[in-house]
Amino acid sequence: MNSTLGSPANIIGILFSVILVSALLIWVERRLLAVWQDRLGPNRVGPFGLMQVMADMIKMFFKEDWIPSFTDRWVFVLAPTIVFITMLTGFAVIPFAPGVGIIDFNFGLLYFLALTSLSVYSIVLAGYASNNKYALLGGLRAAAQTVSYEVFMGISIMGVVMLAGTFNLREIVEAQRDGWFIGPQFLGFLIFLIAAIAESRRAPLDLPEAEQELVAGFHLEYSGMKFGMFFVGEYLGITLSSAVIVTLFFGGWLGPGLPPLVWFCLKTSIGIMFFILLRGALPRPRYDQLMRFGWKVLLPAGLLNLLLTGAIVLSLHG
Amino acid sequence: MNTHLEANTSVSDIMQELSGQAAIGDFTVQQTQDDIFTLWICRHQLLQTLQYLKYQTSSPYQMLFDLTAIDERQRTHRQQLPDSDFTLVYHLLSFVRNEDIRLKVALKESDLSAPTITNLWPSANWYEREVWDMFGIVFTGHPHLKRIIMPPNWQGHPLRKDHYARATEVEPFSLSDEQEEIEQDALRFVPEDWGMRRHSENSDFMFLNLGPNHPSAHGVFRIALQLDGEEIIDALPDIGYHHRGAEKMGERQSWHSYIPYTDRVEYLGGSMNNLPYVLAVEKLAGITVPERAQVIRVMICELYRLASHLLFYGTFAQDVGQMTPIFYTFIDREKVFDIMEMISGARMHSSFFRIGGVAMDLPRGWEKPIREFVDYLPARLDHYDKLVMQNTTLKRRTQGVGMYTTEEAIDWGITGPGLRATGLAWDYRKARPYSGYENYDFDIPTGNNGDCYDRCAVRVEEMRQSVRIIRQCLDNMPTGPYKAEHPLTTPPPKDHTLHDIETLIQHFLNVSWGPVIPAGEASVTIEATKGLNAYYLTSDGGTLSYRTRIRTPSFAHLQMIPQMCKGMMVADLVSILASIDYVMSDVDR
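(A) Inspection of helix α8 (residues 291-319) of chain B at higher detail. Residue and element names in this part refer to chain B. The terminal C-alpha atoms of α8 lie 42 Å apart, and with 29 residues this matches the ideal 42 Å at 1.5 Å per residue to within 8%. Counted residue by residue, α8 has 27 buried out of 29 residues, so it is predominantly covered. One or two positions beyond α8, positive phi appears at Gly321, with a value near 100°.

Okay, structure coming up:
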């Protein structure tokens, strides 16, 4: 196995910038939604309301750290840390630019899939430990939704793997020098995008928390910084999904003129904004409709994509 | 039998018909100020008469429009009426005949009971519970005769004349810890009380308490759900958390000072709530409202219909999980409130209508903002069509969900857009025009399936029709007085008061004591934002109302929820609740 670890400066730099970006996303999302909804959004604290992030964080840190008496105490505390840690460690394999990245190893893509799968435990355990009926329903929905959409996510990226001939994310980016995989793998991209929204439990596929139905679903009993962990975990999930989408389908750091790192950040930001736009625009499907759509539409489409890509790759390289 | 009845052909038709029915026996006809045929029957004839009117007569009275009671023990003006301590009032509505009938049953204080009619109309269930709750009249054979509006441990029956009306009439309220325990315990939902089982053969059911504090319950409304996984086996709506005793207040406020209370009954409809009330008082007083006042009233009502429907539209999309439309519709709704602020000075609760007209004339330059608004709104509505109504996910969430047929709707007392969504083109403004609605050109939008989607589509189209009506008001606003020249107009036209002593005295009396409205009874119904809203007023010839009955559409609509959501998912229930478009203040009053 060929793996290289980045320098300590690299690791610390990436860790901090990822957390900072995720925290800033709170402000970005609120401002962007406000613009699209004819509102102002938070614009009072600091220039353009930028310090709103700080205000929110101070508020969350100083809120009473309350654990309801009826909960399963240890699991209740453990649950929010899982989503935070898995999402954060997921960034380890992201190739930000040549020379910028934490670890470069051959099964990077599988590592990403494994970590996103682990994050569902956070939601299921939170739903279970809260000992609340709404939270339980949220946890159940999350289990079914995430486990199913993981399958489609895995299948959807196999086309990319076939074209690039590797699971190594850096090599996948390099393989896109002659053209991004969004063209030949458009179907795979669509499936991956939908699965990524479902995996990160973002509106419109936020069924586990579905405010209008389950009030807040799995994190109903959480407050203070434990809630904050779920909150930041969600933004980390969006950032990670956008980064992987950029890596797999939009040529990663590749681009003319600008430095590679700038290209990567630019593309990832557009991906993030697209996630936010989706939240503002679309209604939420019903739970059974989401499952039916996954197994009856996404799965056959993913398999078809796999077959076609395989056939084309074979006929070209015979 | 009294026969001094006006020569109204259809009314004498049903009278002739009923006289010929041996089983129904004798009845007494009462003269009322509205044109509703009112007859007194004996308690033991009640079921047969209602059965005859619903099933046997050639053009039946299909809907139980209202069921209420009056405590008659302190009423003085009861000429030629049968002796009664408590009177039950059954108000039926016939779509075929396009007329109503009112049946009254006299009860003695010593024997306050009547047979239940829940077998004839399922909607009678809640109405009978309300009458029991408020008056203590027992309905024999009723499946669940429990308190519905008041707390389960309440002592007494509030709408009885001997029940106190103000907190100052009794000892200051206190709640000890033990008493609080008892009260909390009484609120606990026990499935067995409602005939619900805790287990089926294969699974244990989960009982989920949705509300009274839930984002999609639209107010303080609680539904106890019996769930198998996420599938709803049964539901039990629990109302009464928003009860403010609006009907009892009607007996304590002068005819004039009650107007602002009506605004708050259905608080999204604003001044539209004033309309059935002032129309009923005007009917009792015999006031004819000048044309300009009528057009102003229609225009304001349609503006409030727009405000209410816009709020509905946004929240409907939001409850299906779409975040953005509510912000757009709120911006439009804000423009309606700006117009209302310009006209009346208030926004949501303008209380602009008066007995005999409106509070004041329209301000100078009133046309411009209204015309700008009606020119602006249709394009916005087209935009929302693309955003909401044509969205496939929204269609999947709402089409075929919460369906009912026209027959079911009528049986359950569903009115307004919820009834028209089933395909019945019946709008009170067209069927029995009031306040000059016969002069306007507008269509009645209908749906086909009676599902959530159709209920929304009907309201969206109604907004376009409201815009049409407002345009016609703008183009044809008559000149002339905005208040009737009548001694009971309150307050009377001011310009005469400084010239002749009669109007000065009238003015003084009307604003200090309040107007003295002649004894009588009148009920006026209007097509309100959410369905048919009626005020049934009984005057005993004083400055206060003897009985103010408010028939609200939402009360009937909520009763149908269990019927609509059985076998559906929790997410469907949220769509259903959103599509009903209710306000809890309108339910509990």
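(B) Focus on the pairing of strand β3 (residues 63-71) of chain B. All names here are of chain B. For β3, the buried fraction is high: nine of the nine residues fall into the buried class. Taken together, the eight bridges between β3 and strand β4 (residues 86-94) define a ladder with antiparallel strand orientation. Paired with Ala69 across the bridge in β4 is Leu88.

(C) Representation of the nonpolar core. By size, the foremost hydrophobic cluster in this structure holds 233 residues, and its most contacted members are A:Ala195, B:Leu92, B:Ile137, B:Ala280, B:Val281, B:Leu303 and B:Ile576. In terms of residue count, the dominant contributor to this core is α8(B) (17 residues). Three or more residues apiece are contributed to this core by two domains, here domain 1 (9-121) and domain 2 (246-588) of chain B. Once residues lying within four places of it in the same chain are set aside, the contact partners of B:Leu92 are B:Leu53, B:Tyr61, B:Met63, B:Leu64, B:Phe65, B:Asp100 and B:Ile101.

(D) Up close: the pairing of strand β9 (residues 222-228) of chain B. Residues and elements named next belong to chain B. The sheet contact formed by strand β8 (residues 206-210) and β9 spans five bridges and is antiparallel. Each residue of the ladder has a partner; that of Asn209, found in β9, is Ala224. Sheet analysis places β9 next to strand β10 (residues 231-238), joined by seven bridges and oriented antiparallel. Looking across to β10, one finds that Leu227 is bridged to Ile232.

(E) Structural view of the interface of chain B and chain A. Taken together, the contacts link 27 residues of chain B with 23 residues of chain A. Among the residues making up the side of chain B that touches chain A, the classes are represented as 14 nonpolar, eight polar and five charged.

(F) Quick peek at the environment of B:Gly520. Residues and elements named next belong to chain B. For Gly520, the position within the fold is in strand β13 (residues 520-527). Residue classification places Gly520 among the partly exposed residues on the basis of 19 C-beta atoms within 10 Å. Along the backbone, Gly520 and Ile550 are 30 residues apart, and their C-alpha atoms lie at a distance of 17 Å. Other than its neighbours up to four places away in sequence, Gly520 contacts Thr32, Gln33, Leu284 and Ser539.

Cut-off values and rules
Residues numbered from 1 in each chain as written. Chains lettered and ligands numbered in written order. Predicted model: local features only at pLDDT ≥ 70, side-chain atom pairs only at ≥ 80, totals over all residues. Helix = DSSP H or I, 4+ residues; strand = E, 2+ residues; numbered from the N terminus. Expected span 1.5 Å × (residues − 1). Buried ≥ 20, exposed ≤ 12 C-beta atoms within 10 Å, placed from the backbone. Pairing = 2+ DSSP bridges. Core = buried A, V, L, I, M, F, W, Y, C linked by C-beta atoms within 7 Å. Domains from an automatic or database assignment. Contact = placed C-beta atoms within 7 Å. Nonpolar A, V, L, I, M, F, W, Y, C, P; charged D, E, K, R; others polar.

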